[in-house]
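Read off the chains here:
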Amino acid sequence: MAVHLRILVILTALAGIHSVTTVSEVSVKAGGSISIPCLYEPQYRNNVKYLCQGYFWTSCSSKVNTNSPSSGQFSISDDKIQRIFTVTMKNLNEQDTGYYWCAVEINNERDEGKYFHLSVTGDTPALDVDHQEIQGFVGEEITIKCHHSNRGVIKWCRLGRNCVTEPSGSIDGTEVTIDKRVPNVFTVAMSGLRTESSGWYWCDKGGSQMPVHLNVTEKPATTTVAATTLLTTTEPENPPTGSADEETSTVQSEQQSASVSPVTLIILLSLLIFVASVTMFIWFMLKKHKHAKAAASATTASCTESNVDVVYSSVVFNHPHPQAKRFAEDFIHSERCGRDVQLCGFEEAKICPKGRSK
């Protein structure tokens, strides 16, 4: 095994050890997947990148490249800004155990590459994480749990940068704390995150690594989504300013009219009932007054007809008689009217129907 490692070191030097950087030893449970980041030099930004499988660099077989980014259980993507191409291997089984190379194709020259060893096991992997993809927010903290089953020094490293050993340290201005109090688990905490903290990291325990990709963004602000009424109209390409203002006013009016609360509806209904009650009461009183007036008119008409002629006569008593006063207070029967008519005064005129005065 030592001889094999020496040969790999020599072949790595020949392949360009300083041109490509990646992990060296990873472990995966059978049936699982893993993503491997490979950092390359700026001058290779536009070159073809590929994954090669085989112990010897000179005789390895290409599995996938950036010209054909997907091939069976392998896929590859290239982030030219970060200068990292990522190789993903899925549905791994024990036969996939072996050596692989992250490589860069160079025209008319020897290709550049760096190897890593993949172990696929049916048992617990030597080093594993819950998720390879982690989301963080600027100014906040994230934690990563690294599960291990081997011995050795604990580290938290960033691809192409430095490593932090327990218990604490910093990477690019971000504070790192490592807690190993839980058996077979060490927890990495990164605080004071910045957008520059985004990138590839890995857990390291006794020479085994497990890559983790961290994406740091601004935390989205809490917003209230309001219902909006959309009007679809056919307008000229340059509509007048007035028409746009009128349309906006129409939308606002529709929104306001559509947002009537139940309390407002109850108040409006109560007012409507009150107005209806007052109207009915006034109508009833007017009707009652009209009937009473009609009844009084009928009573007056029954006593005096419009075609009755009245004759005024003077009665003079030449010889006052003791019974004259009593006679003036008596009632004179009117044959035509059918009623008794009372004298209005002692020496006043007597009302009699025309032609029938006594």
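Because the structure is predicted, anything quoted here is derived from the model rather than measured.

**What to know about the sheet that holds strand β14 (residues 154–158)**
Consideration 1: Read from one edge to the other, the open sheet built from five strands follows the order β12-β20-β19-β14-β15, with strand pairing classed as mixed. Of all the strands in the sheet, the pair left with one neighbour each is β12 (133–137) and β15 (163–165). On average, each strand axis in the sheet is inclined to that of its neighbour by 25°, with strand direction left out of account.
Consideration 2: Direction of pairing for β14 relative to strand β19 (residues 199–205): antiparallel, over a ladder of five bridges. Bridge pairing in β19 links tryptophan 156 to cysteine 203.

**Here's the deal with the packing of aromatic side chains**
Consideration 1: Taken as a whole, this structure holds eight aromatic pairs when the rule is applied.
Consideration 2: Judged by centre distance (5.2 Å) and plane angle (50°), the rings of tryptophan 57 and tryptophan 101 are tilted. Of this pair, tryptophan 57 sits in the loop between β4 (49–53) and β5 (61–65) while tryptophan 101 sits in strand β9 (residues 98–104), and the two are 44 residues apart along the sequence.
Consideration 3: Tryptophan 57 gets classed as buried once you look at its relative accessible area, which sits at 9%.

**What to know about the pairing of strand β17 (residues 174–179)**
Consideration 1: Only one face of β17 is covered, namely the one carrying Thr174, Val176 and Ile178; the face carrying Glu175, Thr177 and Asp179 has none of its residues buried.
Consideration 2: For strand β16 (residues 168–171) and β17, the ladder comprises four bridges, and the chain directions are antiparallel. The partner of serine 168 across the bridge, within β17, is threonine 177.
Consideration 3: The turn linking β16 back onto β17 is made up of two residues, and aspartate 172 within it adopts a positive phi angle of 55°.
Consideration 4: Summarising the sheet, β17 and strand β18 (residues 185–191) pair through five bridges and their orientation is antiparallel. Looking at the pairing, glutamate 175 lines up with serine 191 of β18.
Consideration 5: Taken together, β17 and the strand that follows it, β18, pair antiparallel across an intervening segment of five residues, in which asparagine 184 is found at a positive phi of about 60°.

What counts as what
- Residues numbered from 1 in each chain as written.
- Predicted model: local features only at pLDDT ≥ 70, side-chain atom pairs only at ≥ 80, totals over all residues.
- Heavy atoms only, no water.
- Pairing = 2+ DSSP bridges.
- Helix = DSSP H or I, 4+ residues; strand = E, 2+ residues; numbered from the N terminus.
- Axes fitted to C-alpha atoms, helices over the stretch in contact; angles between N-to-C directions.
- Phe/Tyr/Trp six-rings, centres within 6.5 Å; stacked < 30°, edge-to-face > 60°.
- Buried < 20%, exposed > 50% of the residue type's maximum accessible area, 1.4 Å probe, protein only.

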